[in-house]
Structures are given as C-alpha cells and as structure tokens.
Amino acid sequence: MLENANQYLNNFITYLQIEKNYSEYTVTFYKDDIREFFLFMNEQNLHSLTAIEYFDARLFLTGLHEREFARASISRKISSLRSFFRFLNREGMLSENPFALVSSPKAEKRLPQFFYEEEMENLLQACEGEEPLQLRNRAMFELFYATGIRVSECAGLRIKDIDFSLSTILVKGKGSKERYVPFGTYAHEELEKYINISRGQLMKDGKHEYVFVNYKGGPLTARGIRHVLNGIIKKASLTAKIHPHMLRHTFATHLLNNGADMRTVQELLGHENLSSTQIYTHVTKDHLRKTYLNHHPRA
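Because the structure is predicted, anything quoted here is derived from the model rather than measured.

Structural notes on the packing of helix α2 (residues 24-43) against helix α3 (residues 54-66)
So, point 1. Closest axis-to-axis distance for the α2/α3 pair is 11 Å, and the angle between their directions is 105°. Overall, the two elements α2 and α3 adopt an arrangement that is roughly perpendicular. Touching E36, F37 and F40 of α2 are D56, L59, F60 and L64, all from α3.
So, point 2. Grouping the constituent residues of the contact of α2 with α3 by class yields 5 nonpolar, no polar and 2 charged.

Next up, the structure:
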C-alpha cells in the first residue's frame, strides 16, 4: 500500500478544482495519469512518494515509450506528474521533484482537423427535426460552429449569458477568464427556437439556468455533449469520429480562410498567446496553395 499517496492525490485534486479552477474533464486526466504512476510504483516496490528519484521518473518514461503511447499522451502524463510533485514541494510534503528535469518528447506537428463547408452542411442537415431534442441539438451545433467555444464552456453556458439584442454570449473560459463572443443569424434563430419551444418541454418542472439540458431536464454535461455530437456525425454518415474541438478548429479555419485577421480569431477563441492561434496558418496556407493551383492560369 502506498504511504499517504491517496491523501496527497486528493489534496492535489482539490487544489486543481478550487485554486486552478480546472474543468472536470481536465481534472480527470490528471487523476488518471497520477494513478497510473501509483501502479508503476507498486510494480517497482516503491511504497512512498518520498522514495521516488530521478531514475524512477526516467524508468516510468521509458515504460511509456515501450508501450508505444503517442508523444502527446506521454507529454501530458509527464506534465501531470511534474505538476503533482511541484504541488507537493510547495506544500512542504516533499523536498524534491523527481520529474523536474525529465524532458517531454517533442510534440508531433499535426495540423488541426476541421470540416469543410460541404461537410458542415451535411452535419447541420443531420440535426434537422422538430422534436425537442432535435431542436436542442441543432441549436447547440449552430452555436459551436458560430462561436468556436470549448465543450466545457458550452456545458457551463447559462440563460443570462446570452444577449439576443446584441447576438453575443458571455463565455467563461479557462482560469475563469471571461470573453464576449458574437454569433450569427443562423445560431440566433436556432437558439431562440430551442429556448422558447423545447427547453421548457425538456425541463418539465425542473429549475436551473443552464442553456442546454438533457432528456431528463438536468444540465447537459460535457460528456453528454460529446455523446450528442458523435450521434450527429453517425447520422450524417461521415467517415470520421467527431470531437468538439473539430468544430472549434472549423470555426477558426473558416474565419481565416475568409479574411479574418489572426488577432481577432485569437480573441474569439480565448487564446492567451497568439502562438496557440498560429497553428491555423498552416491550414489556411494549404487552402491558399490549393486555390492558387486550381485557379491560376500559369500555376
């Protein structure tokens, strides 16, 4: 049995939830990564976190490579453990951070996946219908495409955060940072239709301020949103697995392809650093190159 390990983990999770204000989804990743390291400790007969040294951290990293985890997954696990041990140092529970000098593998340069406009039309058609859940799905899908919000931001959206007179939503992003994001006429129309017609039918006698609700009338969770989106793409018969960030990528890519400037897109996405937004330039450059080759007479 690991000495005090679970108590240390519980303290760390509380810190992530209260001080860092991380989403439930992010906290789950941290928890799973650290518990995986606890299993490794048991396998190595290491019964206390104070016994962990740099060599053990390196051995854990080697094991991840041998099990052929993706570079991004390895980087995340190392980052989780580095943060965990840094927290224990800060709280005076441990004196050393064995992961402080462990370098993460270089990230693979992968272009963000996005939907083309024709694919978006197919997905939107898959949301059509007049049943309460269909109206909800259509409004939610239109809002994702119109604003590029994260799934956690969508799950946390409340009625009071929508200003229909200005067609904007107040989004509470990472680290409790707030931003206003406009939405267009299609999203405006579908949101009003959903809120005025089907939201009340789904909620029945329930009372809460969250915009999107499940079939029982409770707030729709991040996991529920992912389930809904996977159902939509299955119905549209597209050959890819959807994830909410693809809609976020699509939002950014379509804006840039149609002439929006990088700083505006950065602000709309809620990126703290421009470098996070600049990944989309690779996609738009590819789009420009294809357009040039297809249309220039001397290409």
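That covers the picture; the talk isn't over yet.
Examining the confidence of the model for the protein
So, point 1. With 89% of its residues at a pLDDT of 70 or more, the protein has an overall mean of 86.
So, point 2. Within the protein, no element has a lower average pLDDT than helix α13 (residues 279-295), which sits at 63, and none a higher one than strand β1 (residues 162-163), at 96.

Overview of the pairing of strand β2 (residues 168-172)
So, point 1. Of all 5 residues making up β2, 4 are buried, and the element is well covered by its neighbours.
So, point 2. In this structure, β1 lies alongside β2, joined through 2 bridges in antiparallel fashion. Directly across from D163, in β2, lies its bridge partner T168.
So, point 3. The antiparallel hairpin formed by β1 and β2 contains 4 residues in its connecting segment, where S167 sits at a positive phi of about 55°.
So, point 4. Here β2 pairs with strand β3 (residues 178-182) via 5 bridges, running antiparallel. When the bridges of β3 are listed, I169 appears paired with V181.

Things to note about the packing of α3 against helix α4 (residues 71-90)
So, point 1. One can describe the packing of α3 onto α4 by two numbers: an axis separation of 11 Å at closest approach and a directional angle of 160°. One way to sum up the angle between α3 and α4 is to call them roughly antiparallel. The way α3 lies across α4 gives a crossing that is right-handed. Taken together, the residues of α4 that come into contact with α3 (itself represented by F60, L61, L64 and H65) are I74, K77, I78 and L81.
So, point 2. For the contact of α3 with α4, a count of residues per class yields 6 nonpolar, 1 polar and 1 charged.

What counts, and where the lines are drawn
Along each chain, residue indices are assigned from 1 in the same order as the chain's sequence is written. The predicted origin of the model limits local features to residues at a pLDDT of at least 70 and limits the giving and counting of side-chain atom pairs to 80 or more, whereas totals for whole chains, interfaces and linings rest on all residues. Hydrogens and water molecules were not included; the side-chain quantities draw on all heavy atoms of the structure. Note on geometry: axes are C-alpha line fits, over the in-contact stretch for helices, and angles between N-to-C directions span 0 to 180 degrees. Helix and strand definitions here come from DSSP, where helices need a minimum of 4 consecutive H or I residues and strands a minimum of 2 consecutive E residues; each element is numbered from the N-terminal end. Each angle is binned into one of four classes, with values under 35 degrees roughly parallel, values over 145 roughly antiparallel, values of 65 to 115 roughly perpendicular, and all other values oblique. Should any heavy atoms of two residues lie within 4.5 Å, those residues are counted as being in contact. In this classification, the charged set is Asp, Glu, Lys and Arg, the nonpolar set is Ala, Val, Leu, Ile, Met, Phe, Trp, Tyr, Cys and Pro, and all remaining amino acids, among them Gly, are polar. Known as pLDDT, the predictor's confidence for each residue is given on a scale from 0 to 100. Remark: exposure states derive from per-residue accessible area (1.4 Å probe, protein chains only) relative to the maximum for the residue type, with buried under 20%, exposed over 50%, and partly exposed in between. Any two strands are treated as partners once DSSP identifies two or more bridges connecting them. The crossing is said to be left-handed when, going from far helix to near helix, the turn is anticlockwise and less than a right angle, and right-handed when the turn is clockwise.

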